[in-house]
Amino acid sequence: MTTCAVEVRGLTKDYGPRRVLDMDRFTVEAGSISAVVGPNGSGKTTLLGILATLEPPTSGEILLWGKPVGRSRTADRRLRRRVVMVHEHPWMFHTTVLGNVEYGLAARGVGRRQAQHRAAEALERVGLAHVAGWFAPALSAGEARRTALARALAIAPDLALLDEPLADVDAQHRGTVERILRELPARGTTVLLTTHRLETAYRLADRCASLIGGSLRDSLPDNHFSGTIAESGGEPVMTIAPGCRLHLATPLRGPAHVVIDPRTVILSREPAHTSARNCFTGRIAALAAEGDRVRVTVDVGVPIVALITDRSFREMNLQLGEPVSAVFKTVSLEVYGGKPS
Amino acid sequence: MRWTLEQLAEALRLLGSLDRQVLSALALSLGVATLSTVLAMAAGVPIGIAVGLARFRGKRILTTVLHALLALPTVLIGLVLYTALSSRGLLGSWRLLYTPAAIVMGQCILALPLVTALVLAAAEGVDPRVRLTALTLGASRWRIARTILAEGRGAFLAAVVAGFGRVFGEVGISMMLGGNIRGYTRTVTTAIALETAKGEVPLGIALGLVLMFVALAVNLLFLHLRRRATP
């Protein structure tokens, strides 16, 4: 039986009237690397902060290694000592780089010389041994992030919560950081990282979940498209594949993510003449039964997934490779990111 | 105008021949002001940090009360402590009235709201990531407070300077609780008040200049420390 380093049940978090997190169940297996993928503002950082016991949830239960969080102060402190979080924009204490990396060790009562030794080792691992004596706040964003990683890993945590660990890290050191992260499970550290880049998640993680608008999906979202919202004929559109343009209804422009709920995608045998602005024709690339629903993947240049009832599937008599049109309304598109025009 | 200039010239002449009495008044001024600032910091720093970082109902009211206390007149503090410390008062048995200790008590009360308000503002001004980073790295509450002090040291030094400045130049408390006893509780400010009342205006001015120079020197020292603290 595998053990869960993290188990979350019925977690919600409200900031004032705004609900930023709402997840039923979420687990992280001990000794794994898990990734939570989602656009900015989807609640990833809040989730990590709650798991790091830095802030309390509004409701719900969190178990770390099977032990509930929030029952007693002493128990929480003990759990907190096994967990470390690295923020997306880490704070550098106003001291040397080495002093920063020593911090967690000093907090654990590790003697000065040993702390220095272990901190220097951690800096060496992230390739920053040469800046050990520098004033930490003067580091570049990428260096600060690697220092923060060294600072967190110096204490050999059981669970590392890493918020966007690869953002700001230059291409030259990306490989180093990725290698360090991959080695962590072997060193006894479970990793939960967040990223807004799907490829990072795919490359690093054993398991990916996606967080969209504060809700968790156990897999990466179907119909998640990234692109740039531009104007065409006075209307916002996003090109997601050659010749495949999504029509949107949003005041947002620029780089953004669009998610189409597969339940709102309608399939039609003929190119449909409906009020829906988005209609793409392609061939059925995959079929999968999901309870009383069928997941139909239509390849229109990119895969578009439709979730239809078993009954309509049978009535339409859909076959693999057949041409079909996927139709959906602009209002059923969720847009994340982008800037008001 | 001419009279003023004459007094000033005389004052400058007197500065050159400062006697032991002036030096003893200066030493007492510095001593009580330093001690009361230290005591006010000892209480104000923990309170300010704790309130600054905490989120609780009534925090705004508490802050408002604290700011209102900044306007507390020295004479009022003197009066209240005087009634408490006089022989028939609540703390009369301590026999502290007309001692330097009484001045320190009064000045401490005077500096406390100011120091606390400034430390509170400084603690609120420290980046929230400082606390979160310290916390996630396993720091105890004590270490977190120390880290916050270290990260916001410039602003905290400013609180020390303001507290010291407030008590060093005050006269009401020193006069009412110290009693302006020569060689014992006479501070520079009470000496100025006395000499001026006696018509010894040049000596008053000379003492005033001394007070200003010392205050300036102390501020320069802290400015230097602050500059070193925030590279």
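Residues numbered from 1 in each chain as written. Chains lettered and ligands numbered in written order. Predicted model: local features only at pLDDT ≥ 70, side-chain atom pairs only at ≥ 80, totals over all residues.

**Some details on the packing of helix 4 (residues 74-85) of chain B against helix 5 (residues 100-125) of chain B**
Residue and element names in this part refer to chain B.
- Two elements in contact, helix 4 and helix 5, have axes whose closest approach is 10 Å; the angle formed by their N-to-C orientations is 135°. One element, helix 4, and the other, helix 5, form an angle in the oblique class. The two elements helix 4 and helix 5 cross, and the hand of that crossing is right-handed. In this structure, helix 4 uses T74, I77, G78, L81 and L85 to contact helix 5, whose residues at the interface are A102, M105, G106, I109 and L110.
- Broken down by class, the residue content of the contact of helix 4 with helix 5 amounts to seven nonpolar, three polar and no charged. (Axes fitted to C-alpha atoms, helices over the stretch in contact; angles between N-to-C directions. Helix = DSSP H or I, 4+ residues; strand = E, 2+ residues; numbered from the N terminus. Parallel < 35°, antiparallel > 145°, perpendicular 65-115°, else oblique. Left-handed = near helix turned anticlockwise from the far one by under 90°. Contact = placed C-beta atoms within 7 Å. Nonpolar A, V, L, I, M, F, W, Y, C, P; charged D, E, K, R; others polar.)

**So, the interface of chain A and chain B**
- If you look at the interface, chain A gives 18 residues, while chain B gives 16 residues.
- When contributions to the side of chain A that touches chain B are tallied by element, the ones reaching two or more residues are strand 6 (83-86) and helix 3 (97-107) of chain A.
- A total of three residues in the side of chain A that touches chain B trace back to one element, the largest contributor, which is helix 3 of chain A.
- When its residues are assigned to classes, the side of chain A that touches chain B shows 11 nonpolar, three polar and four charged.

**Comments concerning helix 8 (residues 153-168) of chain B**
- Helix length check: helix 8 of chain B (16 residues) gives 22 Å between terminal C-alpha atoms against 22 Å at 1.5 Å per residue, within 8%.
- Listing the buried residues of helix 8 of chain B in full gives B:A155, B:F156, B:A159, B:V160, B:G163, B:F164, B:R166, B:V167 and B:F168. (Expected span 1.5 Å × (residues − 1). Buried ≥ 20, exposed ≤ 12 C-beta atoms within 10 Å, placed from the backbone.)

**Points about the domain arrangement of chain A**
All names here are of chain A.
- Along its sequence, chain A is carved into domain 1 (4-217) and domain 2 (224-340).
- When each unit is reduced to the centre of its C-alpha atoms, the spacing between domain 1 and domain 2 is 35 Å.
- Taken together, the contact pairs five residues of domain 1 with four residues of domain 2.
- When its residues are assigned to classes, the side of domain 1 that touches domain 2 shows two nonpolar, three polar and no charged. (Domains from an automatic or database assignment.)

**Looking at the nonpolar core**
- Counting 125 residues, the largest nonpolar core has A:L123, A:A150, A:L161, B:V115 and B:V119 as the members making the most contacts within it.
- Per-element accounting of this core gives the leading share, 17 residues, to helix 5 of chain B.
- Of all hydrophobic cores here, the second largest spans 22 residues; its members include A:V259, A:V265, A:V296 and A:V305. (Core = buried A, V, L, I, M, F, W, Y, C linked by C-beta atoms within 7 Å.)

**Some remarks on the sheet that holds strand 18 (residues 303-309) of chain A**
All names here are of chain A.
- Strand order across the open sheet formed by five strands is 15-19-16-17-18, with antiparallel pairing between neighbours. The open sheet terminates on both sides in strands that have one partner only, identified here as strand 15 (266-268) and strand 18. In this sheet, neighbouring strand axes are inclined to one another by 45° on average, regardless of whether the strands run parallel or antiparallel.
- Here seven bridges tie strand 17 (residues 293-299) to strand 18, and the two strands are oriented antiparallel to one another. Within strand 18, the residue paired with T297 across the bridge is V305. (Pairing = 2+ DSSP bridges.)

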